Each structure stands twice: as structure tokens, then as C-alpha cells.
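An overview of the molecular structure
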Amino acid sequence: MKTAHLILILVVLSGFVVIGVSRLSSAPTETAKPPRKGVVAVAAAATKSAAVTFGNPPQGIGPHDWGQWGGSSIRNNTPDGKNIPTEWAIGSFDKAGKWVKDDSKNIKWVSHLGSQSYGNPVVANGQVYVGSNNGGGYLKRYPAAIDLGVLLCFSEVDGKFLWQHSNEKLPTGRVHDWPLQGICSTPLVEGNHLWYVTSRGEVVCLDTKGFYDNKDDGPAINELGRLFDVVKNEDPAKDKLPEVLKNLKEGKIAPSIADEFKAAGVPLPEKVTIAPDGQTYKLSFTPASGTKRDILMRMEGPRLSVYKAINIDDKDEADVIWRLDMMKPPLSISQHNMCSCSVTTAGDILFVNTSNGVDEGHINLPAPQAPTFVALDKNTGKVLWTDNSPGTNVLHGQWSSPAYAVLGGVPQVIFGGGDGWLYGFRGEASKSGHPELLWKFDCNPKESKYVLGGRADRNHIIGTPVVYDGLVYVGVGEDPEHGEGVGHFGASIPPSEATSVPNWPSTSKTSPSRFPTIACKR
């Protein structure tokens with residue numbers, strides 16, 4: 001199979017603005033409802049050169065595929081190719097929104113995204129994956145006007161939509177899940193498995209084949225997918241809920257909601273079995289496909305929520321293998337505005353930055369004991385070790401992504417912390433369940449200070465550390481909504497087993513504004 005002979009370009013339909021080449025970047029802030037669609041466009045093929053040796057070579061994908069953020073675990077975001085197109089024209093769209101290819105240059109295909117796309121695309125084994133918001137409205141049960149974080153899967157050959165993983169907004173609002181931001185992380189793909197961090201603070205593992213293999217891979221099976229809600233209306237004349245509940249108790253479906261089932265993509269046949277269980281009703285029927293369909297209807301506060309058990313007939317839905325909710329115990333994180341880590345892996349270990357951060361007032365840290373850095377078994381989601389080295393010194397959020405490389409013969413996972421420090425841990429499983437901190441480095445000047453909403457010269461790490469030729473490069477900066485902080489960029493020399501370096505404990509109370517522990521070239 002010929003794979004990844006493509007350069008991906010994001011375009012915003014409102015102005016046909018090219019945002020990025022070989023990756024997707026952010027689109028302008030959008031507040032309109034429903035959100036306008038963006039598109040992902042794919043440029044014509046380039047001539048490929050020999051493969052590059054990575055710190056952790058991508059597994060289970062084509063030799064020139066792009067299976068994770070930065071292309072590999074060292075995050076050196078440089079494509080391996082010759083004659084990569086540097087000029088293109090997206091073309092135009094007719095009144096119906098259909099792409100007119102004749103007006104384009106070096107573009108293979110175009111597919112709609114949401115109005116904002118902070119996720120970056122990866123290309124692996126003939127499929128393209130990218131995070132966005134729900135402006136594309138690909139699923140009937142989630143029209144474009146409903147705000148979601150979605151991971152979209154397209155065919156690499158022609159841009160055909162294949163499936164979507166949907167994430168409803170967190171009820172706590174923008175402090176944890178900012179409106180219209182969609183999915184801000186980039187997935188990792190190996191073989192038929194995909195891992196990413198959702199907007200709900202979950203790490204999920206998906207089957208890249210979706211339900212096209214006619215299997216519901218587990219242990220997570222028969223996942224519930226919301227179809228619609230019947231909400232209590234204070235005006236009795238407009239309130240459908242009493243009639244709907246009365247009919248359910250009588251073993252019937254109220255005519256007033258039959259059309260809502262159809263609109264959500266699950267039309268009901270005449271024969272439906274209804275089993276009441278308190279305030280929950282279980283419906284089942286067998287459609288023409290022969291695959292039994294289960295529906296769950298239950299009271300959730302002032303509303304009756306209606307779900308389907310996702311099954312192999314739902315080809316446009318993602319097949320979840322396992323999920324870990326980092327916001328629930330035992331991790332109990334409190335992400336600030338969004339989770340955005342793009343995970344990486346070494347062997348069977350998955351490395352994650354949790355995005356644990358401050359509250360809406362930007363002063364208090366709601367979960368100071370929650371981990372910042374996590375290692376998981378990528379096959380099961382089991383937590384192997386955690387670390388919260390930034391402790392109470394988190395300045396704002398923790399949105400960086402880890403890198404992994406073997407440096408000086410030592411496997412190392414390198415995390416950027418919300419305290420402005422770069423941390424290097426032994427990149428292996430730990431028999432004790434505790435990570436081994438190899439080194440840490442303060443990426444800010446010793447005299448720097450963090451100032452909320454001003455020109456701070458002390459900053460947290462948002463960018464991803466990049467490993468190249470034995471050095472680790474990283475930049476620090478401030479959220480632009482909080483003022484134009486003074487940024488810094490540096491290259492550090494990580495210690496190896498042959499280097500005598502103090503093993504700084506992760507519980508150190510040393511101020512994060514002092515004592516760089518390793519040399520830095522600027």
C-alpha cells in the first residue's frame with residue numbers, strides 16, 4: 001500500500017485561509033451557531049526519500065506514514081521527502097458548498113472539518129485522522145449546531161468520511177472544556193489501534209477499523225451514544241415529557257418522539273420491546289440487518305435522555321477498546337480549559353501529560369496532588385506510574401506533550417511541566433510503581449517571575465520538547481489571552497548514565513525559579 005504521499009492543509013471556509021502545511025493549526029475564534037465548517041485539503045504526492053531513524057520508530061504503519069504528532073517520539077516535525085509542493089491553490093466552492101477541483105493546484109481532495117481545528121492530522125495505513133469540533137455535523141444524532149469535541153477519520157485515497165469519535169461537552173463548562181475548541185490533541189496510531197486524549201480528560205484507545213470489521217472490540221463494548229433528550233418544559237401546553245413517560249409505562253412509544261428517533265438515525269419499527277426498570281426503560285428490536293438494537297431511556301434530572309448501544313451497524317461511529325477518565329479517581333485531575341496532550345509511546349508504555357491546572361480564577365490549584373505526568377499500559381489503560389513534580393507550582397495550565405528518546409544509552413521520556421521546568425524520567429515501567437527522575441531543568445531565568453495577565457518573564461511550557469542530535473529543544477511562553485509574556489527558547493544537554501547528575505526527588509520543595517540542574521545552550 002502506498003501511504004502518506006500527502007501534505008495536509010487546513011482551510012477556513014469563511015475566508016479560504018491556509019493555516020498550516022503538513023499539519024493542522026488553530027482557526028480563528030468562532031462564536032456563530034451553528035459553527036461554519038473548515039476543510040482539510042490534501043496536496044498532491046511528493047517523491048519520497050529513504051526513511052529516517054527515530055528515537056522510537058513508528059510501529060505498525062507504512063514506512064512513510066505520519067502516525068503521531070511530530071512524526072515520531074522525538075517530535076522532530078520534519079517530513080522525509082523530496083519535491084514536496086510549496087505552492088498550491090485550494091480552489092473554489094459552488095453554492096452548495098461542493099469543492100470545484102478545476103480551480104485548484106496541487107490539491108488531491110478536500111473534506112469538511114468543524115469551524116475550529118486545533119488537532120493535527122496523522123496519516124496511517126490508508127486513513128487520515130484529525131481532531132476538530134462538530135461543525136461538520138457528520139452524525140445524524142449530533143447536528144452541527146451541537147458543540148462537541150470530535151476525532152474524525154477519513155480515507156486517505158479520496159477523503160471519504162469513515163467514522164467519528166464524539167465527546168460531549170463537560171457540564172462544568174469552560175473552566176474544563178472551552179466552547180467550540182473541539183479536540184486539541186493529536187492521536188497516535190500503531191497498527192489497528194489509535195490513542196488520544198479527549199476534551200473530557202479521557203485517554204481512549206480506538207480500533208482504527210471502526211466497525212467496518214464487523215466486530216465490537218473490547219473490553220469497552222456496547223458504548224452508549226446519546227440520541228436526543230426530552231426536556232421538561234415549564235409551559236404545560238408544550239411539555240412532552242408527561243405524555244412520553246405515560247406511554248412508556250404502557251409499553252408504547254409516544255408519537256411525538258417517533259420522528260426524533262428517525263432524525264437521530266435510528267428509526268423505530270412497529271414492534272419494539274419495552275422493559276421498564278424504575279425510571280429507566282430498556283427498548284430492543286431487530287432491524288433488517290439482523291443485529292439486535294438496544295435503546296436505553298432514563299430520567300436524568302429534568303430530562304429523559306435517550307441512548308443507543310453502539311453496535312456493528314453503526315459504521316460512522318468509533319469503536320472504543322478502552323478508556324481511562326483522568327478526571328475521576330484515582331487520578332482526579334482538574335484540567336484547565338482543555339486537555340491537549342498528544343501522547344507518545346515506547347514499547348507497551350503510553351506517556352501522557354494530564355493538563356492538570358488552575359481554576360477559573362487562575363489563582364487556586366483545585367487538585368494539587370493530582371499527577372501531571374502519567375505512564376499507562378497502552379494495551380489495557382492500566383496506570384503504571386504517575387508523577388506530580390510541578391506540585392503546587394503550576395502557573396496556569398499544563399498543555400505540553402511528551403517526547404521519548406534513547407539518550408546516552410538511557411531510555412528517557414521528557415515532559416514539559418506547568419511550572420516551567422523540563423523533566424526527564426527513565427522511559428520504562430517501574431517495578432515499584434514510582435518513576436525514576438533522571439534530571440530536571442528550569443527553562444526560565446532564575447530571577448524570572450510569573451505575573452497573571454501581565455508581561456510575565458516566567459512562563460510555563462506549552463510547546464512540545466524536540467530531540468535532535470543529542471540535545472533537547474524547548475520553548476516557553478504565555479497564553480496570549482493573558483498578555484504577551486516574555487518567551488524563552490533553549491537547548492539542553494540531558495544527562496546519561498555516564499554523567500554524574502543528582503537524582504532530584506519529585507517531592508522537592510525547591511522553588512521552581514532557581515537552580516537549573518543541567519547545562520543549557522542559548
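Since we're looking at a predicted model, the values are computed, not measured.

Focus on the pairing of strand β22 (residues 373–377)
The side chains of a regular strand alternate between both faces of the sheet. Buried residues dominate β22, accounting for four of its five residues. Relative to strand β23 (residues 383–387), β22 runs antiparallel, the two being bridged by four bridges. Looking at the pairing, Leu-376 lines up with Val-383 of β23. If you look at the hairpin formed by β22 and β23, you'll find five residues sitting between the two strands, and Gly-381 has a positive phi there, around 85 degrees.

Examining the sheet that holds strand β16 (residues 280–285)
Pairing between the strands of a sheet comes from backbone hydrogen bonds, and it takes one of two forms, parallel or antiparallel. The strand order across the open sheet built from five strands is β14-β18-β17-β16-β15, with neighbouring strands paired in antiparallel fashion. Where the open sheet ends on each side, the last strands, each with one partner, are β14 (224–231) and β15 (273–277). The average angle at which neighbouring strand axes cross in this sheet is 20 degrees, direction not considered. Here β15 pairs with β16 via five bridges, running antiparallel. Bridge assignment links Pro-276 to a residue of β16, and that residue is Tyr-281. In the packing of helix α1 (residues 241–249) onto the sheet, contacts are made with β14, β15, β16, β17 (293–300) and β18 (303–309), and the angle to β18 comes to roughly 50 degrees. The strands that helix α2 (residues 255–263) touches are β14, β17 and β18; relative to β14, the one it contacts most, it runs at about 145 degrees.

Side note on the side chain of Gln-412
On the secondary structure map, Gln-412 appears in strand β25 (residues 410–416). In this structure the side chain of Gln-412 is engaged in a polar contact, spanning 3.4 Å, whose partner is the backbone oxygen of Leu-407.

Quick word on the packing of aromatic side chains
The way to describe two aromatic rings as a pair is by their centre distance and the angle between their planes. For the coordinates displayed, the defined rule picks out 15 aromatic pairs. Judged by centre distance (6.1 Å) and plane angle (15 degrees), the rings of Phe-351 and Tyr-404 are stacked. Residue Phe-351 is found in strand β21 (residues 349–353), and its partner Tyr-404 is found in strand β24 (residues 403–407); the two are separated by 53 residues along the sequence. Under the relative-accessibility criterion, Tyr-404 is labelled buried at 8%.

About the thresholds
- Residues numbered from 1 in each chain as written.
- Predicted model: local features only at pLDDT ≥ 70, side-chain atom pairs only at ≥ 80, totals over all residues.
- Heavy atoms only, no water.
- Buried < 20%, exposed > 50% of the residue type's maximum accessible area, 1.4 Å probe, protein only.
- Helix = DSSP H or I, 4+ residues; strand = E, 2+ residues; numbered from the N terminus.
- Pairing = 2+ DSSP bridges.
- Axes fitted to C-alpha atoms, helices over the stretch in contact; angles between N-to-C directions.
- Contact = heavy atoms within 4.5 Å.
- Polar contact = N/O pair within 3.5 Å; in protein donor to acceptor, adjacent residues only side chain to side chain.
- Phe/Tyr/Trp six-rings, centres within 6.5 Å; stacked < 30°, edge-to-face > 60°.

These figures come from the coordinates and say nothing about function on their own.
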